[in-house]
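Notes for the structure review
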Amino acid sequence: MKSKNKFQSNEKVILKATGETLTINKFSYVPNMKRYSYTCLEHPSTFFFEEEMRQIK
């Protein structure tokens, strides 16, 4: 099981599906799915999982 989330609050990431740059607002661990979900400033009512995003290089 993963013990630490991949992204931190206020970190900029790229959404893989669209290539859009997002800013992480907050994150939370989803125990029954055993992974982290993230909300972004640009889309506050939508959440994303780690595998849907990548770091900006």
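Above this text is the structure in question.
This section reports on the structure supplied with the text. (Residues numbered from 1 in each chain as written. Predicted model: local features only at pLDDT ≥ 70, side-chain atom pairs only at ≥ 80, totals over all residues. Heavy atoms only, no water.)

This part covers the sheet that holds strand S4 (residues 47-49). As summarised here, the arrangement of the five strands in space is S4-S3-S2-S1-S5, forming an open sheet in which the pairing is antiparallel. The sheet is open, and its two borders are formed by S4 and strand S5 (53-55), each paired with just one other strand. Neighbour-to-neighbour, the strand axes of this sheet turn through a mean angle of 55 degrees, independent of strand direction. Summarising the sheet, strand S1 (residues 12-15) and S5 pair through three bridges and their orientation is antiparallel. Each residue of the ladder has a partner; that of Val13, found in S5, is Gln55. (Pairing = 2+ DSSP bridges. Helix = DSSP H or I, 4+ residues; strand = E, 2+ residues; numbered from the N terminus. Axes fitted to C-alpha atoms, helices over the stretch in contact; angles between N-to-C directions.)

Here the focus is the packing of aromatic side chains. What the rule picks out here adds up to five aromatic pairs. Aromatic side chains Phe27 and Tyr38 sit 6.1 Å apart centroid to centroid with 45 degrees between the ring planes, which places their arrangement in the tilted category. Of this pair, Phe27 sits in strand S2 (residues 21-30) while Tyr38 is found in strand S3 (residues 35-40), placing the two residues eleven residues apart along the sequence. According to the relative accessible area criterion, Tyr38 is buried, its value standing at 0%. On the basis of an interplanar angle of 65 degrees and a centroid distance of 5.1 Å, the ring pair of Tyr29 and Tyr36 is categorised as edge-to-face. Its end group placed over the ring of Phe49, Arg35 keeps NZ or CZ at 3.7 Å from the ring centre. (Phe/Tyr/Trp six-rings, centres within 6.5 Å; stacked < 30°, edge-to-face > 60°. Buried < 20%, exposed > 50% of the residue type's maximum accessible area, 1.4 Å probe, protein only. Lys NZ or Arg CZ within 6 Å of the ring centre and 35° of its normal.)

To continue, consider the pairing of S2. Here S1 runs beside S2; their pairing, made up of three bridges, is antiparallel. Within the sheet, the bridge partner assigned to Val13 lies in S2 and is Leu22. Between the antiparallel neighbours S1 and S2 lie five residues, among them Gly19 with a positive phi of about 80 degrees. Bridging between S2 and S3 involves six bridges; their strand directions are antiparallel. If you follow Ser28 over to S3, its bridge partner there is Ser37. Linking S2 to S3, which pair antiparallel, is a turn of four residues; within it Lys34 sits at a positive phi near 55 degrees.

Interpretation in functional terms is not warranted from these geometric data alone.
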